[in-house]
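Listed here are the chains, written in short residue letters.
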Amino acid sequence: MLKYLIQKEFLQIRRNAFLPRLIILFPIMMMCVMPWVMNQEVKNIRVDVVDNDRSTLSRQLVHSIEASNYFIFNGQKPTYEAALKDIENMDADVVMVIPQHFSRDIVRKRNPQVLIAANAVNGTKGSIGATYLSQIITIKVSPSAETMQSKVSALFLYNKHLNYKVFMIPALFAIVMMLMCGFLPTLNIVGEKEAGTIEQINVTPVPKWAFILAKLIPYWIIALFVIVVCLVLSWLIYDITCQGPLWLVFVLSMLLALFWSSFGLVISNYSDTMQQAIFVMWFFVVCMLLLSGLFTPTRSMPHLAYLTTYINPMHYFVEAIRTVFVRGGDFRNVAHQLMALLVIGSIMGAWAVRSYKKRL
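Residues numbered from 1 in each chain as written. Predicted model: local features only at pLDDT ≥ 70, side-chain atom pairs only at ≥ 80, totals over all residues. Heavy atoms only, no water.

1. Here's the deal with the overall build of the protein
Then, in step 1: Across its full length, the protein holds 15 helices and 4 strands.
Then, in step 2: Over its C-alpha atoms, taken along the principal directions, the protein stretches across nearly 95 × 45 × 40 Å.
Then, in step 3: Within the protein, the fraction of its 360 residues that count as buried is 46%.
Then, in step 4: Of the roughly 19300 Å² of accessible surface on the protein, 63% is carried by carbon and sulfur atoms.
Then, in step 5: Looking at charge distribution, the protein has the averaged site of its 31 positive side-chain charges lying 9 Å from that of its 20 negative ones. (Helix = DSSP H or I, 4+ residues; strand = E, 2+ residues; numbered from the N terminus. Buried < 20%, exposed > 50% of the residue type's maximum accessible area, 1.4 Å probe, protein only. Areas by Shrake-Rupley, 256 points an atom, 1.4 Å probe, with all protein chains shown as cover. Lys, Arg positive; Asp, Glu negative; His and termini not counted. Charge placed at Lys NZ, Arg CZ, Asp CG, Glu CD.)

Put into structure tokens, the structure is as follows:
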């Protein structure tokens, strides 16, 4: 019985004009486009300089800014007010004002005050831009600081080139799984409700568990195919490969697929229209993504927001997939996350079976 129900699901997917294209094109687009645009490294900070000293040292400081890969030098402005207008017009991000007698005060071992005014509408860009400038000024002002930096050796573990794609690509698996195993089964069942075809199943002696499995198994198989595509593309395009056991990537992906497919069925069981299901699903998806640590560290969140990570399966998956994919972790390193995903997925699966109302 289950075999024929699964065959029916695959026939429905194949006859749909949109789904086969989505299953193939979505992971390709995600892996080819998103690692480039989902980059939170702060660069291209536009800087205005007001040089009131016009000494050799101040010109060297300006040239250091021009030579930096993180800044776009907008040029020198005659006054602070003129530079501030650029910030007000969104033509500059940071203004640096070099005071008069800057070079003379340094020679006399005084501490000249350099003003850095940052546009903090984008707090991240403003604060990091001001920090970059402060480091350049410190090195130029204090030769001992440059000597100290030469004595400090930084060792970047697991991602020695600080490539943001290494950090982001494993997390993209979570977004792909969310769509393939969350949205698609939800819209599939609600679509059958609206068309009335699901009533034909309800009047048959098909058990609830068989109906649920028949809806989930095709999308689990699709999820496996999508993960393989993502792994191949990350290797071919970015030369980024999994450093840990590959089977752990598939186990983690299938446990996340169990949660999302069951969660999607729960929503579809309580939804009568496709529009209602989309809005409810989107609400939970946005919350889980933003609170998962996919984009920003969870420890940076307020304490109450951080507590939600204990029941957020996306958090466990993102943390575990990065441990395996980037750090080369083994089963012992992700056992906690595996157990959490299994428990949450099992609870959601039981809820999906129980909430499905089979009307005879």
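2. Some details on the sheet that holds strand 1 (residues 45–51)
Then, in step 1: A sheet is described by the order of its strands in space; here 4 strands give the open sequence 2-1-3-4, paired in mixed fashion. At either margin of the open sheet sits one strand with a lone partner, and together these are strand 2 (71–76) and strand 4 (115–118). With direction set aside, neighbouring strand axes in the sheet form an average angle of 20°.
Then, in step 2: The sheet contact formed by strand 1 and strand 2 spans 5 bridges and is parallel. Within strand 2, the residue paired with Arg46 across the bridge is Ile72. (Pairing = 2+ DSSP bridges. Axes fitted to C-alpha atoms, helices over the stretch in contact; angles between N-to-C directions.)

3. Quick word on the nonpolar core
Then, in step 1: Core analysis: the biggest nonpolar cluster contains 86 residues, and Phe173, Met180, Trp260 and Leu294 have the highest contact counts within it.
Then, in step 2: Those elements that provide at least two residues to this core are helix 1 (2–15), helix 2 (19–37), helix 8 (164–195), helix 10 (208–238), helix 11 (246–270), helix 12 (274–290), helix 14 (313–325) and helix 15 (331–355).
Then, in step 3: It is helix 8 that provides the largest number of residues to this core, a total of 19 residues.
Then, in step 4: Counting 17 residues, the second largest nonpolar core, distinct from the first, contains Val42, Phe71, Ile106 and Ile136. (Core = buried A, V, L, I, M, F, W, Y, C linked by side-chain atoms within 4.5 Å.)

4. Some words on the packing of aromatic side chains
Then, in step 1: Following the criterion strictly, the structure yields 12 aromatic pairs and no others.
Then, in step 2: Judged by centre distance (4.8 Å) and plane angle (50°), the rings of Tyr70 and Tyr132 are tilted. Of this pair, Tyr70 sits in the loop between helix 3 (56–67) and strand 2 while Tyr132 sits in helix 6 (residues 123–141), placing them 62 residues apart in sequence.
Then, in step 3: Measuring from centroid to centroid gives 5.8 Å for Phe173 and Phe325, while their planes differ by 90°, and the two rings are edge-to-face. Pair noted here: Phe173 is in helix 8 and Phe325 is in helix 14, with a separation of 152 residues, a long-range link. Grouping residues by exposure puts Phe173 and Phe325 together as buried.
Then, in step 4: Every member of this aromatic cluster is reached through a ring pair, and the members are Phe259, Trp260, Phe263, Phe283 and Phe284.
Then, in step 5: The ring of Phe167 has Arg322 lying over it, and the distance from NZ or CZ to the ring centre is 3.6 Å. (Phe/Tyr/Trp six-rings, centres within 6.5 Å; stacked < 30°, edge-to-face > 60°. Lys NZ or Arg CZ within 6 Å of the ring centre and 35° of its normal.)

5. Points about the confidence of the model for the protein
Then, in step 1: Looking at the protein, the pLDDT average stands at 84 and 93% of residues meet or exceed 70.
Then, in step 2: Taken element by element, the protein is modelled with least confidence in helix 7 (residues 143–151), mean pLDDT 50, and with most confidence in helix 14, mean pLDDT 92. (pLDDT = per-residue confidence, 0-100.)

6. Description of the packing of helix 8 against helix 12
Then, in step 1: Two elements in contact, helix 8 and helix 12, have axes separated by 9 Å at closest approach and are oriented at 160°. Here helix 12 runs roughly antiparallel to helix 8, going by the angle between their axes. Regarding helix 8 and helix 12, the two cross each other, and that crossing is right-handed. Of the residues in helix 12, those touching helix 8 at Ile175, Met178, Gly182, Phe183, Thr186, Leu187, Val190, Gly191 and Glu194 are Met274, Ala277, Ile278, Met281, Trp282, Val285 and Leu289.
Then, in step 2: Across the contact of helix 8 with helix 12, the residue classes tally to 12 nonpolar, 3 polar and 1 charged. (Parallel < 35°, antiparallel > 145°, perpendicular 65-115°, else oblique. Left-handed = near helix turned anticlockwise from the far one by under 90°. Contact = heavy atoms within 4.5 Å. Nonpolar A, V, L, I, M, F, W, Y, C, P; charged D, E, K, R; others polar.)

7. Comments concerning the pattern of salt bridges
Then, in step 1: Evaluation of the coordinates by the stated rule reveals 3 salt bridges.
Then, in step 2: A salt bridge links Asp86 to Lys77, with the shortest nitrogen-to-oxygen separation between them at 3.3 Å.
Then, in step 3: Its relative accessible area of 23% is what places Lys77 among the partly exposed residues.
Then, in step 4: Between Arg332 and Asp330 there is a salt bridge, and its shortest N-O distance comes to 3.2 Å.
Then, in step 5: Owing to a relative accessible area of 71%, Arg332 belongs among the exposed residues under this scheme. (Salt bridge = Lys/Arg side-chain N within 4 Å of Asp/Glu carboxyl O.)

8. Brief notes about the pairing of strand 1
Then, in step 1: Counting buried positions along strand 1 yields 6 of 7 residues, so the element is predominantly enclosed.
Then, in step 2: Note that the unit made of strand 1, helix 3 and strand 2 has a crossover that is right-handed.
Then, in step 3: As paired strands, strand 1 and strand 3 (residues 94–98) are joined by 5 bridges and run parallel to one another. The residue of strand 3 that forms the bridge with Val47 is Val94. (Right-handed = clockwise from strand over helix to strand, strands pointing away.)

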